[in-house]
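Below, each chain spelled out in residue letters.
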Amino acid sequence: MNQNLVTPGIYQVGAVDWNVRSFHGYRTARGTSYNAYLILDEKITLIDTVKRPFAKELLENISAIVDPTRIDYIISNHVEPDHSGALQEVCAAAPNATVITSDPNGLKGLMLHYGKDLPYRTVKSGDSLSLGKRTLTFVQTPMLHWPDSMVTYCPEEKLLFSNDAFGQHLAASAMFDDQNPKDVVMAEAEKYYANILMPFGAQVKKALSTVSKLELSLVAPAHGLIWRSGIQDILEKYAYFADDVPENRAVVVYDSMWGSTEAMARAIAQGFADADVRVAFYDLKENHISDIVTAVLKAKYIAVGSPTLNNNMMPNVSAFLTYLTGLSPKNKKAFAFGSYGWGGQSVPQIQQALAACKFEPLLEPAKSVYVPTFEDLQALRRMVKEAIL
Ligand code: FEO
(Lines give C-alpha, C1' and ligand atoms only; values in the text may rest on other atoms or scores of the structure.)
Protein backbone atom coordinates (compact mmCIF):
# COMPACT_ATOMS: atom_id res chain seq x y z
CA MET A 1 0.00 0.00 0.00
CA ASN A 2 1.20 3.52 -0.76
CA GLN A 3 2.32 4.99 2.55
CA ASN A 4 0.76 8.32 1.59
CA LEU A 5 -2.69 6.95 0.75
CA VAL A 6 -5.28 8.60 2.99
CA THR A 7 -8.23 6.86 1.35
CA PRO A 8 -8.58 5.53 -2.21
CA GLY A 9 -7.90 8.42 -4.58
CA ILE A 10 -6.64 10.83 -1.91
CA TYR A 11 -2.95 11.15 -0.98
CA GLN A 12 -0.94 13.07 1.60
CA VAL A 13 1.72 14.78 -0.54
CA GLY A 14 3.08 17.33 1.95
CA ALA A 15 6.34 17.27 3.86
CA VAL A 16 7.52 16.20 7.30
CA ASP A 17 9.79 18.77 8.94
CA TRP A 18 11.66 16.54 11.38
CA ASN A 19 14.21 19.12 12.48
CA VAL A 20 12.27 22.33 13.08
CA ARG A 21 12.52 23.30 16.75
CA SER A 22 11.13 26.84 16.62
CA PHE A 23 7.91 27.66 14.86
CA HIS A 24 7.77 31.45 15.15
CA GLY A 25 8.76 31.10 18.79
CA TYR A 26 6.73 27.97 19.61
CA ARG A 27 9.20 25.24 20.61
CA THR A 28 8.39 22.29 18.37
CA ALA A 29 10.29 19.61 20.28
CA ARG A 30 8.87 16.85 18.09
CA GLY A 31 9.10 18.71 14.75
CA THR A 32 6.03 19.22 12.57
CA SER A 33 4.60 18.54 9.14
CA TYR A 34 3.03 20.65 6.41
CA ASN A 35 0.29 18.43 5.08
CA ALA A 36 -1.05 18.85 1.56
CA TYR A 37 -3.59 16.49 0.04
CA LEU A 38 -3.99 15.43 -3.57
CA ILE A 39 -7.42 14.29 -4.77
CA LEU A 40 -7.61 12.28 -7.96
CA ASP A 41 -11.01 12.84 -9.54
CA GLU A 42 -12.27 14.20 -12.84
CA LYS A 43 -10.91 17.49 -11.57
CA ILE A 44 -7.53 16.90 -9.94
CA THR A 45 -7.26 18.96 -6.79
CA LEU A 46 -4.54 19.87 -4.33
CA ILE A 47 -5.57 20.92 -0.82
CA ASP A 48 -3.04 23.43 0.50
CA THR A 49 0.70 23.51 -0.20
CA VAL A 50 3.72 23.54 2.13
CA LYS A 51 6.32 25.87 3.59
CA ARG A 52 8.42 27.17 0.74
CA PRO A 53 11.67 25.25 1.43
CA PHE A 54 9.64 22.05 0.92
CA ALA A 55 8.16 23.06 -2.47
CA LYS A 56 10.44 20.69 -4.38
CA GLU A 57 9.48 17.79 -2.12
CA LEU A 58 5.79 18.59 -2.59
CA LEU A 59 6.12 18.65 -6.37
CA GLU A 60 8.09 15.40 -6.33
CA ASN A 61 5.41 13.76 -4.18
CA ILE A 62 2.71 14.95 -6.57
CA SER A 63 4.69 13.88 -9.64
CA ALA A 64 5.01 10.36 -8.24
CA ILE A 65 1.21 10.13 -8.47
CA VAL A 66 0.13 12.41 -11.29
CA ASP A 67 1.62 14.94 -13.72
CA PRO A 68 1.27 18.32 -11.92
CA THR A 69 0.20 19.97 -15.20
CA ARG A 70 -3.06 18.05 -14.80
CA ILE A 71 -4.01 19.79 -11.53
CA ASP A 72 -7.26 21.73 -11.95
CA TYR A 73 -7.75 23.26 -8.51
CA ILE A 74 -5.52 24.30 -5.63
CA ILE A 75 -7.54 24.89 -2.49
CA SER A 76 -5.84 27.46 -0.27
CA ASN A 77 -7.52 26.97 3.08
CA HIS A 78 -5.16 29.42 4.76
CA VAL A 79 -2.68 31.93 3.45
CA GLU A 80 -0.08 31.68 6.24
CA PRO A 81 3.19 30.75 4.51
CA ASP A 82 3.49 27.33 6.15
CA HIS A 83 0.56 26.35 3.89
CA SER A 84 0.79 28.74 0.96
CA GLY A 85 4.57 29.18 0.76
CA ALA A 86 4.91 26.83 -2.22
CA LEU A 87 1.93 28.28 -4.10
CA GLN A 88 3.96 30.08 -6.75
CA GLU A 89 6.06 26.98 -7.48
CA VAL A 90 2.94 24.80 -7.65
CA CYS A 91 1.13 27.29 -9.90
CA ALA A 92 4.16 27.35 -12.20
CA ALA A 93 4.08 23.55 -12.38
CA ALA A 94 0.29 23.48 -12.74
CA PRO A 95 -0.45 26.20 -15.32
CA ASN A 96 -4.09 25.18 -15.72
CA ALA A 97 -4.92 25.29 -12.02
CA THR A 98 -7.26 27.76 -10.37
CA VAL A 99 -6.53 28.76 -6.77
CA ILE A 100 -9.62 28.63 -4.55
CA THR A 101 -9.48 30.95 -1.57
CA SER A 102 -11.85 32.53 0.94
CA ASP A 103 -13.71 35.73 0.18
CA PRO A 104 -12.52 38.34 1.08
CA ASN A 105 -9.65 37.62 3.45
CA GLY A 106 -8.03 34.69 1.65
CA LEU A 107 -7.89 36.66 -1.56
CA LYS A 108 -6.55 39.72 0.22
CA GLY A 109 -3.85 37.62 1.89
CA LEU A 110 -2.84 35.86 -1.31
CA MET A 111 -2.63 39.13 -3.24
CA LEU A 112 -0.51 40.73 -0.53
CA HIS A 113 1.79 37.71 -0.29
CA TYR A 114 2.05 36.65 -3.91
CA GLY A 115 0.84 39.50 -6.12
CA LYS A 116 -2.16 39.75 -8.40
CA ASP A 117 -1.18 37.22 -11.04
CA LEU A 118 -2.47 34.06 -9.40
CA PRO A 119 -5.49 32.61 -11.20
CA TYR A 120 -8.07 32.53 -8.44
CA ARG A 121 -11.69 32.02 -7.51
CA THR A 122 -13.13 33.04 -4.15
CA VAL A 123 -15.62 31.10 -2.04
CA LYS A 124 -17.84 31.83 0.92
CA SER A 125 -19.17 29.48 3.60
CA GLY A 126 -21.55 26.94 2.08
CA ASP A 127 -20.15 27.21 -1.46
CA SER A 128 -19.42 23.88 -3.16
CA LEU A 129 -17.19 22.71 -5.95
CA SER A 130 -17.80 19.52 -7.94
CA LEU A 131 -14.70 17.47 -8.72
CA GLY A 132 -16.65 14.74 -10.55
CA LYS A 133 -17.39 11.87 -8.19
CA ARG A 134 -16.65 14.05 -5.20
CA THR A 135 -17.74 17.45 -3.97
CA LEU A 136 -15.90 19.95 -1.82
CA THR A 137 -17.82 22.29 0.49
CA PHE A 138 -16.15 25.26 2.11
CA VAL A 139 -16.69 26.63 5.61
CA GLN A 140 -14.95 29.81 6.65
CA THR A 141 -13.39 29.55 10.11
CA PRO A 142 -12.04 33.05 10.74
CA MET A 143 -9.24 33.27 13.33
CA LEU A 144 -8.56 29.54 13.23
CA HIS A 145 -5.97 30.72 12.91
CA TRP A 146 -6.00 33.86 10.71
CA PRO A 147 -8.95 35.91 9.39
CA ASP A 148 -8.80 34.08 6.04
CA SER A 149 -8.90 30.52 7.41
CA MET A 150 -11.41 28.04 6.09
CA VAL A 151 -11.92 24.27 6.17
CA THR A 152 -12.91 22.07 3.25
CA TYR A 153 -15.32 19.14 3.59
CA CYS A 154 -15.73 16.23 1.20
CA PRO A 155 -19.10 14.59 2.04
CA GLU A 156 -18.60 11.56 -0.21
CA GLU A 157 -15.49 10.63 1.82
CA LYS A 158 -16.76 12.08 5.14
CA LEU A 159 -13.38 13.80 5.17
CA LEU A 160 -12.68 17.23 6.64
CA PHE A 161 -9.54 19.06 5.54
CA SER A 162 -9.28 21.18 8.66
CA ASN A 163 -6.05 23.10 8.04
CA ASP A 164 -4.73 24.53 11.35
CA ALA A 165 -7.70 23.31 13.40
CA PHE A 166 -7.10 20.00 15.20
CA GLY A 167 -3.41 20.08 14.20
CA GLN A 168 -0.37 19.09 16.19
CA HIS A 169 3.26 20.03 15.72
CA LEU A 170 4.41 16.44 15.46
CA ALA A 171 6.67 14.81 12.88
CA ALA A 172 5.93 11.13 12.33
CA SER A 173 6.48 8.45 9.71
CA ALA A 174 2.96 7.03 10.15
CA MET A 175 0.28 9.57 9.30
CA PHE A 176 -2.80 8.40 11.25
CA ASP A 177 -3.44 9.16 14.91
CA ASP A 178 -4.00 5.51 15.83
CA GLN A 179 -0.58 4.56 14.46
CA ASN A 180 1.13 6.73 17.09
CA PRO A 181 1.17 6.81 20.91
CA LYS A 182 -2.11 8.37 21.97
CA ASP A 183 -0.64 10.25 24.95
CA VAL A 184 1.92 11.94 22.69
CA VAL A 185 -0.68 12.85 20.06
CA MET A 186 -3.08 14.33 22.60
CA ALA A 187 -0.28 16.17 24.45
CA GLU A 188 0.88 17.79 21.20
CA ALA A 189 -2.73 18.65 20.22
CA GLU A 190 -3.14 20.32 23.62
CA LYS A 191 0.11 22.27 23.28
CA TYR A 192 -0.95 23.33 19.78
CA TYR A 193 -4.33 24.56 21.03
CA ALA A 194 -2.72 26.47 23.92
CA ASN A 195 -0.14 28.22 21.75
CA ILE A 196 -2.16 28.83 18.59
CA LEU A 197 -5.87 28.83 19.40
CA MET A 198 -6.19 29.82 23.07
CA PRO A 199 -7.22 33.41 22.25
CA PHE A 200 -10.00 32.24 19.94
CA GLY A 201 -12.31 30.13 22.12
CA ALA A 202 -15.43 31.88 20.82
CA GLN A 203 -14.43 31.23 17.21
CA VAL A 204 -13.54 27.62 18.06
CA LYS A 205 -17.03 27.11 19.48
CA LYS A 206 -18.58 28.59 16.34
CA ALA A 207 -16.53 26.28 14.11
CA LEU A 208 -17.38 23.27 16.29
CA SER A 209 -21.08 23.99 15.99
CA THR A 210 -20.70 23.47 12.21
CA VAL A 211 -18.12 20.68 12.26
CA SER A 212 -19.97 18.59 14.84
CA LYS A 213 -22.94 18.34 12.44
CA LEU A 214 -20.78 16.76 9.73
CA GLU A 215 -20.44 13.04 9.24
CA LEU A 216 -16.73 12.42 9.78
CA SER A 217 -14.58 9.39 9.05
CA LEU A 218 -11.35 11.34 8.76
CA VAL A 219 -10.17 14.77 9.91
CA ALA A 220 -7.05 15.75 8.00
CA PRO A 221 -5.29 18.80 9.46
CA ALA A 222 -2.42 20.65 7.83
CA HIS A 223 -0.03 19.82 10.69
CA GLY A 224 0.68 16.47 12.28
CA LEU A 225 -1.46 13.37 12.16
CA ILE A 226 -4.77 12.60 10.48
CA TRP A 227 -7.52 11.83 12.97
CA ARG A 228 -9.07 8.45 12.22
CA SER A 229 -9.80 6.75 15.55
CA GLY A 230 -9.66 9.81 17.79
CA ILE A 231 -12.05 12.18 16.01
CA GLN A 232 -14.52 12.29 18.88
CA ASP A 233 -11.66 12.71 21.37
CA ILE A 234 -10.23 15.76 19.64
CA LEU A 235 -13.64 17.36 19.06
CA GLU A 236 -14.42 16.93 22.78
CA LYS A 237 -11.00 18.32 23.74
CA TYR A 238 -11.56 21.42 21.63
CA ALA A 239 -15.04 21.94 23.08
CA TYR A 240 -13.56 21.63 26.58
CA PHE A 241 -10.64 23.99 25.94
CA ALA A 242 -12.91 26.56 24.27
CA ASP A 243 -15.00 26.72 27.46
CA ASP A 244 -11.93 27.97 29.40
CA VAL A 245 -13.00 26.06 32.51
CA PRO A 246 -10.12 26.30 35.00
CA GLU A 247 -9.02 23.11 36.74
CA ASN A 248 -7.64 22.93 40.26
CA ARG A 249 -4.11 23.56 39.05
CA ALA A 250 -1.51 26.25 39.62
CA VAL A 251 1.42 27.43 37.53
CA VAL A 252 4.37 28.93 39.42
CA VAL A 253 6.77 30.61 37.01
CA TYR A 254 9.79 32.75 37.82
CA ASP A 255 13.34 33.77 37.12
CA SER A 256 15.82 34.24 39.93
CA MET A 257 19.27 35.83 40.27
CA TRP A 258 20.66 34.53 43.56
CA GLY A 259 17.97 32.15 44.73
CA SER A 260 15.73 34.44 46.82
CA THR A 261 12.89 34.64 44.29
CA GLU A 262 13.28 30.90 43.74
CA ALA A 263 12.91 30.30 47.48
CA MET A 264 9.68 32.32 47.37
CA ALA A 265 8.51 30.29 44.37
CA ARG A 266 9.08 27.06 46.31
CA ALA A 267 7.15 28.38 49.32
CA ILE A 268 4.30 29.42 47.03
CA ALA A 269 4.25 25.98 45.39
CA GLN A 270 4.09 24.40 48.84
CA GLY A 271 1.19 26.69 49.74
CA PHE A 272 -0.73 25.56 46.67
CA ALA A 273 0.07 21.93 47.46
CA ASP A 274 -1.12 22.44 51.05
CA ALA A 275 -4.46 23.49 49.55
CA ASP A 276 -4.53 20.35 47.36
CA VAL A 277 -3.88 22.31 44.18
CA ARG A 278 -1.79 20.52 41.56
CA VAL A 279 1.33 22.56 40.84
CA ALA A 280 3.40 23.01 37.69
CA PHE A 281 6.69 24.74 38.55
CA TYR A 282 8.86 26.51 35.98
CA ASP A 283 12.20 28.28 36.18
CA LEU A 284 12.20 30.42 33.04
CA LYS A 285 15.93 29.78 32.54
CA GLU A 286 15.22 26.07 32.09
CA ASN A 287 11.77 25.94 30.47
CA HIS A 288 10.28 27.25 27.25
CA ILE A 289 7.40 29.71 27.34
CA SER A 290 5.39 27.60 24.89
CA ASP A 291 5.50 24.69 27.34
CA ILE A 292 4.57 26.95 30.25
CA VAL A 293 1.48 28.39 28.53
CA THR A 294 0.38 24.84 27.79
CA ALA A 295 0.15 24.36 31.56
CA VAL A 296 -1.55 27.76 31.88
CA LEU A 297 -4.36 26.61 29.54
CA LYS A 298 -6.04 24.47 32.21
CA ALA A 299 -4.75 26.21 35.37
CA LYS A 300 -6.87 28.29 37.70
CA TYR A 301 -3.96 30.00 39.50
CA ILE A 302 -0.79 31.67 38.21
CA ALA A 303 2.05 33.07 40.31
CA VAL A 304 4.75 35.00 38.42
CA GLY A 305 8.00 36.02 40.09
CA SER A 306 11.07 38.06 39.32
CA PRO A 307 13.79 39.86 41.23
CA THR A 308 14.47 43.45 40.25
CA LEU A 309 17.29 43.90 37.74
CA ASN A 310 18.26 47.45 36.76
CA ASN A 311 14.84 48.78 37.80
CA ASN A 312 12.99 46.12 35.79
CA MET A 313 11.80 42.56 35.91
CA MET A 314 14.16 39.96 34.44
CA PRO A 315 14.02 39.83 30.62
CA ASN A 316 12.86 36.17 30.66
CA VAL A 317 9.86 37.16 32.76
CA SER A 318 9.05 40.07 30.51
CA ALA A 319 9.14 37.79 27.44
CA PHE A 320 6.87 35.28 29.17
CA LEU A 321 4.35 37.97 30.12
CA THR A 322 4.33 39.38 26.59
CA TYR A 323 3.61 35.92 25.19
CA LEU A 324 1.01 35.20 27.87
CA THR A 325 -0.81 38.49 27.28
CA GLY A 326 -1.10 37.78 23.56
CA LEU A 327 -2.76 34.43 24.23
CA SER A 328 -5.49 36.02 26.41
CA PRO A 329 -5.95 33.20 28.94
CA LYS A 330 -9.30 33.47 30.69
CA ASN A 331 -10.72 32.70 34.13
CA LYS A 332 -7.45 32.86 36.08
CA LYS A 333 -6.45 34.18 39.48
CA ALA A 334 -2.90 35.47 39.71
CA PHE A 335 -0.34 37.35 41.75
CA ALA A 336 3.24 38.63 41.47
CA PHE A 337 6.16 37.95 43.74
CA GLY A 338 9.88 38.62 43.91
CA SER A 339 12.86 39.68 45.95
CA TYR A 340 14.72 42.95 45.60
CA GLY A 341 17.72 44.81 46.97
CA TRP A 342 16.68 48.45 46.72
CA GLY A 343 14.29 49.49 43.91
CA GLY A 344 11.79 46.63 43.94
CA GLN A 345 10.10 47.64 40.68
CA SER A 346 9.72 44.13 39.26
CA VAL A 347 6.78 43.04 41.40
CA PRO A 348 4.47 45.98 40.60
CA GLN A 349 5.46 45.66 36.94
CA ILE A 350 4.42 42.01 36.93
CA GLN A 351 1.25 42.77 38.83
CA GLN A 352 0.39 45.42 36.23
CA ALA A 353 0.91 42.89 33.42
CA LEU A 354 -1.29 40.34 35.20
CA ALA A 355 -3.99 42.98 35.65
CA ALA A 356 -3.76 43.78 31.92
CA CYS A 357 -4.54 40.09 31.32
CA LYS A 358 -7.74 40.69 33.34
CA PHE A 359 -6.74 38.06 35.89
CA GLU A 360 -8.44 38.28 39.26
CA PRO A 361 -5.91 39.02 42.04
CA LEU A 362 -5.35 35.95 44.22
CA LEU A 363 -3.09 37.67 46.76
CA GLU A 364 -1.48 41.01 47.38
CA PRO A 365 1.88 41.08 45.55
CA ALA A 366 4.57 39.38 47.66
CA LYS A 367 7.92 41.17 48.02
CA SER A 368 10.97 40.21 49.98
CA VAL A 369 14.02 42.37 50.70
CA TYR A 370 17.28 40.57 49.78
CA VAL A 371 16.93 37.08 51.30
CA PRO A 372 13.60 35.88 52.69
CA THR A 373 13.86 34.34 56.15
CA PHE A 374 12.42 30.95 57.06
CA GLU A 375 9.58 32.79 58.79
CA ASP A 376 8.94 34.94 55.69
CA LEU A 377 8.67 31.83 53.54
CA GLN A 378 6.39 30.04 55.98
CA ALA A 379 4.14 33.12 56.09
CA LEU A 380 4.03 33.22 52.28
CA ARG A 381 3.19 29.52 52.15
CA ARG A 382 0.35 30.05 54.65
CA MET A 383 -0.99 33.08 52.74
CA VAL A 384 -1.23 31.09 49.53
CA LYS A 385 -3.01 28.22 51.25
CA GLU A 386 -5.43 30.55 53.02
CA ALA A 387 -6.22 32.46 49.81
CA ILE A 388 -7.46 29.23 48.30
CA LEU A 389 -9.21 27.50 51.18
FE1 FEO B 1 -0.27 26.44 10.17
FE2 FEO B 1 -1.81 29.48 10.75
O3 FEO B 1 -0.68 28.27 9.88
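Here we summarise the structure given alongside this text. (Residues numbered from 1 in each chain as written. Predicted model: local features only at pLDDT ≥ 70, side-chain atom pairs only at ≥ 80, totals over all residues. Heavy atoms only, no water.)

All right, on to the packing of helix H9 (residues 289–298) against helix H10 (residues 315–327) then. Look at H9 against H10: their axes get within 10 Å of each other, and the N-to-C directions meet at 45°. Relative to H10, the element H9 is oriented oblique. Handedness of the H9/H10 crossing: right-handed. Touching Ile289, Ser290, Ile292, Val293 and Val296 of H9 are Ala319, Phe320, Tyr323, Leu324 and Leu327, all from H10. Looking at the contact of H9 with H10 residue by residue, the classes come out as nine nonpolar, one polar and no charged. (Axes fitted to C-alpha atoms, helices over the stretch in contact; angles between N-to-C directions. Helix = DSSP H or I, 4+ residues; strand = E, 2+ residues; numbered from the N terminus. Parallel < 35°, antiparallel > 145°, perpendicular 65-115°, else oblique. Left-handed = near helix turned anticlockwise from the far one by under 90°. Contact = heavy atoms within 4.5 Å. Nonpolar A, V, L, I, M, F, W, Y, C, P; charged D, E, K, R; others polar.)

Strand E14 (residues 150–154) sits mainly inside the fold: five of its five residues count as buried. Along E14, one buried face is formed by Met150, Thr152 and Cys154 and the opposite face, lined by Val151 and Tyr153, is buried too. Where E14 meets strand E15 (residues 159–163), three bridges bridge the pair, whose relative direction is antiparallel. Residue pairing for E15: tyrosine 153 is matched across the bridge by leucine 160. Taking the residues between adjacent antiparallel strands as the criterion, E14 and E15 are bridged by four residues, where lysine 158 takes a positive phi near 50°. (Buried < 20%, exposed > 50% of the residue type's maximum accessible area, 1.4 Å probe, protein only. Pairing = 2+ DSSP bridges.)

Throughout the structure, instances matching the rule amount to nine aromatic pairs. Ring geometry for tyrosine 193 versus phenylalanine 241: centroids 5.0 Å apart, planes at 45°, classification tilted. Residue tyrosine 193 is found in helix H5 (residues 182–197), and its partner phenylalanine 241 is found in helix H7 (residues 231–242); the two are separated by 48 residues along the sequence. Of the two residues, tyrosine 193 and phenylalanine 241, both sit in the buried class. Where phenylalanine 335 meets phenylalanine 337, the ring centres are 6.3 Å apart and the plane angle is 45°; that geometry is what we call tilted. (Phe/Tyr/Trp six-rings, centres within 6.5 Å; stacked < 30°, edge-to-face > 60°.)

Right, let's get into unusual backbone geometry. The amide bond that connects aspartate 103 to the next residue, proline 104, takes the cis arrangement and shows omega of 5°. For proline 104, the position within the fold is in the loop between strand E10 (98–102) and helix H4 (105–114). Cis geometry marks the peptide bond from leucine 144 to histidine 145, where omega comes out at 20°. Relative to the helices and strands, histidine 145 resides in the loop between strand E13 (135–140) and E14. A positive phi angle, near 30°, is found at histidine 24, a position not held by glycine. By the element assignment, histidine 24 lies in the loop between strand E4 (22–23) and strand E5 (26–27). The exposed category is assigned to histidine 24, whose relative accessible area is 55%.

This part covers the pairing of strand E22 (residues 366–369). Side chains of E22 alternate between two faces, with Ala366 and Ser368 buried and Lys367 and Val369 left unburied. Pairing between strand E20 (residues 333–340) and E22: four bridges, direction parallel. Opposite phenylalanine 337, over in E22, you have alanine 366 as the bridge partner.

What follows covers the nonpolar core. Within the largest apolar cluster, 95 residues are counted, with the highest numbers of intra-cluster contacts made by Phe166, Phe320 and Leu321. Considering each element in turn, this core owes the most residues, nine residues, to H5. Aside from chain neighbours lying at most four places away, what touches leucine 321 is Val304, Met313, Ile350, Ala353 and Leu354. (Core = buried A, V, L, I, M, F, W, Y, C linked by side-chain atoms within 4.5 Å.)

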